[in-house]
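Coordinates in review
The chain contents come next:
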Amino acid sequence: MTTMRLPLQYNLRNLVVRRTMTLMTAGGIALVVAVLVLTLALAHGFSATLVSTGRPDNAIVLRGGATSEMMSGISREAARIASADPAVARGADGEPLALPEMVVLVNLVRRDDPAASSNVTVRGVEPRVFELRPDIRLREGRMLKPGTDEVLAGGKLGRRFEGCGVGETLRMGGRDFRVVGSFDAGGSGFDSEIWGDLETLLPVFDRRGFSSLTLRLTDPDRLADLLARLEADPRVRAEPRIEREYYRAQSEQLAGVIRALGLFLVVVMAAGAVLGALNTMYAAVGSRSREIATLLALGFTPRAILASFLIESVLLCLIGGVLGCLLALPVHGVSTGTTNWASFSEVAFEFRISPGILAIGLLASVVLGLVGGYFPARAAARRPVSEALRAG
Amino acid sequence: MSVAAGQPIIALRGVSKTYRRDTIAVPVLAALDLDVAAGEFLALMGPSGSGKSTILNLVSGIDTPTSGRVVVAGVDLGGLDNAALAAFRARHVGFIFQSYNLIPVLTAFQNVELPLLLTSLDRRERKQHVLDVLDVVGLHDRSDHYPRQLSGGQEQRVAIARAIVSDPSLLVADEPTGDLDAVSAAEILDLIGRLNREFGKTVVMVTHDPRAAERAHRVLHLDKGVLVESVRRERP
Amino acid sequence: MTRFLPFILRNTLRNKRRTLLTVLSIVVSLFLFCTLRTVITSLAASLESASSARLITRRSTSLTFFLPISYRDRLTQIPGVEDVSWATWFGGVYIDERNFFAQFAIDPLRYFEIYPEYRLTAEEKDTFRRERTACIVGEKLARKYGFEVGDRITLRGTIFEGVWDFTVCGVAQPATPDLDTNWLLFNGEYLNQSLGDWGQVGTFVLKLADPDRAGDVARIVDETFANSAAETKTETEKAFQLGFISMLGNIQAVIYSLGTAIVIAIVLVSMNTMMMAARERTREIAVLKALGFADRAVVGLVLAESLLITLVGGVLGAGLARLVFDLSDFTAGGFFPRFTVTDGTVAQALGIALFLGVVSGVAPAWNAARLRIVDALRHTG
């Protein structure tokens with residue numbers, strides 16, 4: 001004998017009949033799901049920006065113990081030794097693909113609030129930079145001329161900071177710089193940086209050595225060899241790591257904090273919404289006691305009743321989940337920025353809602369439906385037939 | 001009491017009532033005249049849909065006629081707004097329903113006390129009144145019981161106590177014994193009869209039950225909006 | 001209305017589970033609301049404790065650059081500047097990265113004179129000046145790690161290479177609870193000498209004779225060093241700290257939108273409850289009206305019931321927030337000096353509860369007033 005199952009249509013019709021209640025409950029769930037999706041999109045957008053920064057076959061060399069380029073220092077001698085390492089690939093000209101860079105933070109005024117300022121990364125680069133970071137290309141204006149006061153601004157800076165638009169003048173370290181072009185770094189962290197000529201910038205910011213050295217590896221697997229050689233050399237004492245890993249690590253702390261805060265918010269809000277869903281499902285069970293008794297009398301098993309009410313609750317919350325996702329969707333692509341604690345510098349990024357995040361949102365609504373539906377459904381299934389038939 | 005015994009406490013003059021069901025007009029009462037004397041016990045009988053409940057609703061001020069005048073206890077109900085009608089009901093009308101309509105979360109005492117909350121009586125006075133009427137209906141000892149702890153007959157007696165606690169001149173009863181067994185029904189009818197005789201309440205009762213109608217002084221049959229007097233007894 | 005109270009109370013308890021769930025939902029949501037608003041008020045309070053009678057002078061390029069200590073004498077000369085001290089962000093790691101707290105190398109002579117709100121005994125100050133590796137820990141930090149006078153603390157430098165050892169010579173007590181004391185301050189001479197008579201500092205702190213002239217003095221300071229090798233940027237301590245908060249982004253806007261979402265969510269839950277309650281009671285409302293309850297009276301009963309539920313939720317939610325945060329000494333890992341639910345927050349939560357009660361009750365109350373007795377009594381039974 002096959003066990004009878006209640007048709008899905010039965011649940012759908014019940015939700016439609018009590019549409020005010022359905023919509024109110026689903027609305028509460030929708031808000032929870034929207035907040036969940038938005039915090040995940042925020043954390044995702046932030047880490048996606050930093051994770052997409054850097055290449056897997058580039059190694060970034062920092063002073064031993066330094067956690068960011070800002071704190072690091074590499075002497076010219078150390079840079080020369082490291083560049084000559086056999087693990088470093090060579091360009092068409094036969095020279096090693098090595099890029100010494102200087103990184104400092106400058107405080108720039110924000111366009112959205114002239115009273116507010118944030119720290120922006122300024123990077124002193126050599127022309128070879130586009131060879132080591134081939135994904136980055138000029139978007140507007142022209143290349144900077146080495147040895148001049150010309151700089152390039154990352155694609156996301158122009159709109160966010162005073163003086164960073166192409167053609168504008170930027171005052172840094174007591175000198176004026178002309179922004180002659182902007183580059184597109186594909187939404188990575190480089191899009192929030194200002195690039196100038198290395199040898200021009202070093203004296204301006206009173207730096208004698210470099211901050212970091214970026215090397216193209218002949219093979220990423222040779223990183224360990226490189227590390228062993230550079231650490232061992234007393235003139236170098238530096239630590240290379242894969243560029244992409246370095247930026248990923250920089251995103252972890254803040255993305256973790258955003259996710260943790262988001263999780264706290266969502267859990268508490270979800271608790272509030274689930275209580276509402278419980279109310280609605282108990283009311284659904286209560287108003288249908290005669291119906292349930294009839295179904296039981298007809299031979300539907302208590303299990304089938306339990307399943308049916310659970311399905312109804314899940315459907316109810318899933319409506320909320322879909323609404324919540326729709327509510328959150330318009331925020332996709334909205335750009336924002338924050339100071340990354342790991343580097344103490346501004347990172348611009350976008351809310352990114354991925355299919356995975358939407359799936360998490362919907363899954364959360366299903367879980368809320370199961371939690372909010374279980375007890376009422378159990379109450380329905382356990383109802384004695386005789387008693388329920390008697391009840392008005 | 002504003003109306004002396006024997007004088008009409010209820011006067012319906014040319015009363016019509018038409019219900020609208022979607023776009024169709026359904027006439028229930030047409031140009032009806034009816035007088036009920038103060039202290040009278042009137043039973044209204046007739047098939048369902050004949051309009052007997054409508055008469056009850058009109059005289060108790062919970063429904064208004066399409067045309068015609070309804071004067072109860074000297075008050076012309078046609079001129080009253082909702083608030084004044086509510087005040088009229090509180091002052092002059094006691095309701096007895098078929099299904100008692102007690103508030104399940106309140107005790108017998110509290111149910112009876114409800115109408116008194118609308119008066120200016122203080123707590124002590126209210127308590128005295130409630131206990132007095134519970135005595136009248138013979139449920140003094142059940143004052144702390146909730147409706148679900150009472151039998152049907154007891155529930156209806158609490159409802160009757162609630163109906164008389166604010167001392168209205170008119171009691172309207174809609175199938176008061178409809179939900180009761182024969183013994184309880186007889187007890188309730190005895191009680192209503194006693195309220196009529198001993199306390200001078202005018203009673204208008206809608207019923208299907210011939211045994212209930214037997215208690216009345218006058219029985220009116222309502223058929224298709226027309227009243228036919230079938231029985232008139234001398235009052236004792 | 002008091003005479004109806006028992007009746008209203010009975011009504012709210014009629015479906016105990018539903019009322020309980022609704023109240024809990026309001027409690028949880030308003031607890032969250034209070035928490036979020038306390039983030040704003042705590043940030044504001046910590047800014048309040050920042051003085052507008054002190055200026056912070058830093059390198060205009062950014063905080064990551066230093067100023068020559070020789071500026072000190074010229075700063076002292078500027079009219080309106082009463083006293084000058086300095087501090088340098090150290091940024092060391094205590095054991096591992098997770099134990100984050102602020103560390104500064106400070107001017108051993110004048111710093112605590114300019115910051116009298118950090119209370120130290122004369123003996124503690126004296127030792128601090130004399131001992132090269134002496135450090136003072138804030139009361140909160142001392143409590144967190146159990147630091148006591150005489151303890152040795154080792155930090156691994158990130159900005160300044162190497163391993164640095166300090167000896168605790170005093171615990172600073174805050175004059176008011178809103179002050180942040182989650183920090184370690186050490187004798188700046190130690191840093192200076194270790195770097196080979198380095199001669200640089202991160203920021204100068206200027207004590208003003210007249211706080212009203214803060215803007216003028218700041219301008220004069222920056223003009224004094226304009227076009228020098230190290231240009232300065234001077235602002236009040238409050239503006240300086242506000243700058244850090246604004247770097248994180250628009251926290252207030254985020255919190256306000258979250259607050260709105262939460263309030264809408266509870267409105268939906270409590271409205272739903274009141275509508276369920278009223279729908280089930282249509283017949284009873286008709287009976288009450290038949291008994292002579294005026295429309296106004298039934299509206300009052302429905303609204304009062306709704307308000308009772310939401311206000312109980314509001315009182316419990318705000319009370320819970322107050323209790324939890326006041327008792328737990330929560331500071332979000334030292335991010336806030338003090339995380340206290342203010343009276344204003346409690347009042348706002350209760351205001352929301354009131355609003356909830358009215359909004360949730362208004363539709364059912366309106367239906368109750370409009371209800372035709374005849375129709376409602378005829379329906380069932």
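For the structure itself, look to the data block above.
So, how was this worked out
- Residues numbered from 1 in each chain as written.
- Chains lettered and ligands numbered in written order.
- Predicted model: local features only at pLDDT ≥ 70, side-chain atom pairs only at ≥ 80, totals over all residues.
- Helix = DSSP H or I, 4+ residues; strand = E, 2+ residues; numbered from the N terminus.
- Rg over C-alpha atoms; globule rule 2.2 N^0.38 Å.
- Contact = placed C-beta atoms within 7 Å.
- Buried ≥ 20, exposed ≤ 12 C-beta atoms within 10 Å, placed from the backbone.
- Pairing = 2+ DSSP bridges.
- Core = buried A, V, L, I, M, F, W, Y, C linked by C-beta atoms within 7 Å.
- Nonpolar A, V, L, I, M, F, W, Y, C, P; charged D, E, K, R; others polar.
- Axes fitted to C-alpha atoms, helices over the stretch in contact; angles between N-to-C directions.
- Parallel < 35°, antiparallel > 145°, perpendicular 65-115°, else oblique.
- Left-handed = near helix turned anticlockwise from the far one by under 90°.

1. Topic: the overall build of chain B
Looking only at helices and strands, chain B has 7 helices and 10 strands in total. Since a compact globule built from 236 residues should have a radius of gyration of about 18 Å, the 17 Å found for chain B is in line with a globular shape. When the backbone C-alpha atoms are referred to their principal axes, chain B occupies close to 50 × 40 × 40 Å. The long-range fraction of contacts in chain B, counting pairs at least 24 apart against all pairs at least 6 apart in sequence, stands at 70%.

2. As for the pairing of strand 13 (residues 232-236) of chain C
Walk down a regular strand and you will see the side chains alternate between the two sheet faces. All names here are of chain C. Most of strand 13 sits out of view: 4 of its 5 residues are buried. Of the pairings in the sheet, the one linking strand 1 (residues 54-59) to strand 13 comprises 5 bridges and is antiparallel in character. Each residue of the ladder has a partner; that of R58, found in strand 13, is K233.

3. Some remarks on the nonpolar core
Considering soluble globular proteins, one finds that nonpolar side chains tend to be buried as a cluster. Core analysis: the biggest nonpolar cluster contains 250 residues, and V32(A) and V37(A) have the highest contact counts within it. In terms of residue count, helix 2 (residues 19-51) of chain A provides more of this core than any other element does, 20 residues in total. Those residues within four positions of V37(A) in sequence are excluded, and the remaining contacts are G324(A), C325(A), A328(A), I353(A), I357(A), L358(A) and G361(A). Grouped together as the second largest cluster of nonpolar side chains are 47 residues, V84(C), A105(C), L155(C) and F225(C) included.

4. Some details on the interface of chain A and chain C
Facing 42 residues of chain A, the contacting portion of chain C comprises 34 residues. Listed by contribution, the elements that provide at least two residues to the side of chain A that touches chain C are helix 2, strand 2 (98-109), strand 3 (117-125), helix 8 (243-287) and strand 11 (335-340) of chain A. Per-element accounting of the side of chain A that touches chain C gives the leading share, 13 residues, to helix 8 of chain A. Split by residue class, the side of chain A that touches chain C holds 22 nonpolar, 20 polar and no charged.

5. Here's the deal with the packing of helix 2 (residues 16-48) of chain C against helix 12 (residues 295-328) of chain C
Residue and element names in this part refer to chain C. Between helix 2 and helix 12, the shortest axis-to-axis distance is 7 Å and the interhelical angle comes to 45 degrees. One element, helix 2, and the other, helix 12, form an angle in the oblique class. In terms of crossing hand, the pair formed by helix 2 and helix 12 is right-handed. Note on element contacts: helix 12 touches helix 2 through I309, T310, V312, G313, G314, L316, G317, A318, L320, A321 and F325, opposite T19, T22, V23, I26, V27, S29, L30, F31, C34, T35 and T38.

In short, shape yes, function no, at least from these values alone.
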